[in-house]
Amino acid sequence: MPVNYATPTADQLFAVAGVRLGVAEAEIRKKNRRDLTLVALDAGCTVAGVFTQNRFCAAPVQLCRQHLASGQEIRALVINTGIANAGTGEPGRQTARQTCEAVGELLGVAAEQVLPFSTGVILEPLPVERIKAGLPAVFADLKGGNWHAAAHGIMTTDTVAKAASRVVEVNGKKVTISGISKGAGMIKPNMATMLGFLATDAGIAQPLLDQLVKEAADASFNCITVDGDTSTNDSYVMIATGQSGASFAAASDAGWAEVKAAIIAVSVELAQAIVRDGEGATKFITVAVEGGKSIEECRQVGYAIGHSPLVKTAFFASDPNLGRILAAVGYAGIADLDVDGVKVWLDEVLVAENGGRAAAYQEADGARVMAQAEITVRVALGRGNAAAKVYTCDFSYDYVKINADYRS
């Protein structure tokens, strides 16, 4: 079960004017599961995305980049689960194109106005004929209030669907923000999450949206890790429909700060939900690193701790084996780190300072914190004023079981 997370109910997820979603069972890899999702956009939307840095990126990622770079107005997103269409070479690119062409024909738009997304098993061909056969059903299901169904339709090893909504009032107008994400394993994105989609009815000029999607990803999806693996298919896309009447062309515009903060808050909620539902996770851990010379080196230390199998298994066992945390700080790659100036806390308990164990530290205090479902590891580097957070989870027996049986 996910750590302190439950999927919002359908009435807690708000329709975004200009966006309709449909879901269907296309039997892409397994029967009796929702595995095909279509997102139809009204004319006039702006769309921006960030994608995996994995050089073995999937065919749909390659096509998404091309279609966004073409400058054509994006009118649809199509998402399949079960098969990632990664490691499939030119045949994989052809099936991704055929998917876009089929969606384009259905909606009366060009194939280049469609963004394709896939998630699932790598190195297996995408059964495009099943997608084509499923499109009429997904088209018939299109409606604005379908965010809850869409959140379920993009799942793979997720145990729960992940979604979030906000409404913020700016300049006398209500702005709605809704988003969904999926992911539970192969999570260390270096851009975003495995799959994430966020829409708002605010109007956001293309240059401002391009900047926002990067900033939001850096504040959310780029701060999470489950197992340190960067997926071939990671994608995070933002849509702005402009139908609320609140429009923004520059960061200095009145109300933009409030809208931006709400969009980032939804992004953080979606990203944290992935970690809370990490494969086999029993604990949610925030690694807060402060006192660095740069945000980059703070993240470097945070990821060293968050990636360590030894640290993560200690959390699973509720074992305050704090030497593992110190070791991770030490091998994070900061060559001139003065370890005597580093301090480490578990929640409010100071556990290390002056190069070793804190004088007042009692193992019973550490064990008490480690037994919690939510834990904060705070590291003060004593080198500067920068800070960053990384969100991670523990490693349990179930992580091995889930991934050993993933293709069965």
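Structure: see above.
Position labels on residues start from 1 in each chain and follow its written sequence. pLDDT decides what is reported in this predicted model: residues at 70 or higher carry local features, side-chain atom pairs at 80 or more are listed and counted, and totals for whole chains, interfaces and linings draw on all residues regardless. Note that water and hydrogens are dropped before the side-chain values are worked out from all heavy atoms of the structure.

A. Fine view of the overall build of the protein chain. Where helices and strands are cited, they refer to DSSP runs of H or I of at least four residues and of E of at least two residues respectively, numbered from the N terminus. Tallying secondary structure elements over the protein chain gives 11 helices and 17 strands in all. Computed over C-alpha atoms, the radius of gyration of the protein chain comes to 22 Å, within 12% of the 22 Å expected from 2.2 N^0.38 for 408 residues, which places it in the range of a compact globule. C-alpha extents for the protein chain along the principal axes are approximately 70 × 55 × 40 Å. Here the protein chain holds 408 residues, and 56% of them are scored as buried. Contacts between residues were defined by any pair of non-hydrogen atoms, one from each residue, lying within 4.5 Å. Here the contacts in the protein chain between residues at least 6 apart in sequence split such that 82% fall between residues at least 24 apart. Split by element, the accessible area of the protein chain, about 15800 Å² in all, is 51% carbon and sulfur. Atoms counted for the radius of gyration: C-alpha only. Globule rule: 2.2 Å times the number of residues to the power 0.38. Under the scheme applied here, a residue whose accessible area is under 20% of the maximum for its type counts as buried, over 50% as exposed, and between as partly exposed, the area being computed with a 1.4 Å probe on protein chains only. Computed with a 1.4 Å probe, the accessible areas rest on the Shrake-Rupley method; for each residue, only the protein chains presented here act as cover.

B. Summary view of the sheet that holds strand β13 (residues 343–346). Overall, mixed pairing links the 6 strands, which are arranged β15-β14-β13-β16-β12-β17 in an open sheet. Since the sheet does not close on itself, it has two edges, and those belong to β15 (356–357) and β17 (386–393), each with one partner. Contacting β12 (284–292), β16 (374–380) and β17, helix α6 (residues 256–276) crosses the sheet at an angle of about 45° to β17. Where helices are involved, their axes are fitted lines through C-alpha atoms of the stretch in contact, as for all axes, and angles between N-to-C directions lie from 0 to 180°. Contacting β13, β14 (349–353) and β16, helix α9 (residues 323–330) crosses the sheet at an angle of about 135° to β13. Strands were regarded as paired on the criterion that DSSP finds at least two bridges between them.

C. View of the packing of aromatic side chains. Any pair of Phe, Tyr and Trp rings, taking the six-membered ring for Trp, is counted once the centres come within 6.5 Å. Such a pair is stacked with planes under 30 degrees apart, edge-to-face with planes over 60 apart, and tilted for the rest. Considering all chains together, one arrives at 5 aromatic pairs under this definition. Seen in terms of ring centroids, Phe117 and Phe197 are 5.0 Å apart; in terms of plane orientation they differ by 80°. Their pairing is edge-to-face. With a gap of 80 residues between them, Phe117 in strand β5 (residues 114–121) and Phe197 in strand β8 (residues 195–200) connect regions that are remote in the sequence. Whether a charge sits over a ring depends on NZ of Lys or CZ of Arg being within 6 Å of the ring centre and within 35 degrees of the ring normal. Over the aromatic face of Phe395 sits the side chain of Lys312, whose NZ or CZ is 4.7 Å from the ring centroid. A cation over an aromatic ring shows up here: Arg378 above the ring of Trp345, its NZ or CZ 3.7 Å from the ring centre.

D. Structural view of the pairing of strand β4 (residues 76–83). The buried fraction of β4 amounts to 8 of the 8 residues, a majority that puts the element mostly inside the structure. Relative to β5, β4 is paired through 8 bridges, and the arrangement is parallel. The partner of Ile83 across the bridge, within β5, is Val121. By convention, a crossover is right-handed whenever its connection, traced from the first strand over the helix to the second and viewed with the strands pointing away, goes clockwise. This β-α-β element, β4 to helix α2 (residues 89–107) to β5, shows right-handed connectivity.

Keep in mind these values describe shape, not function.
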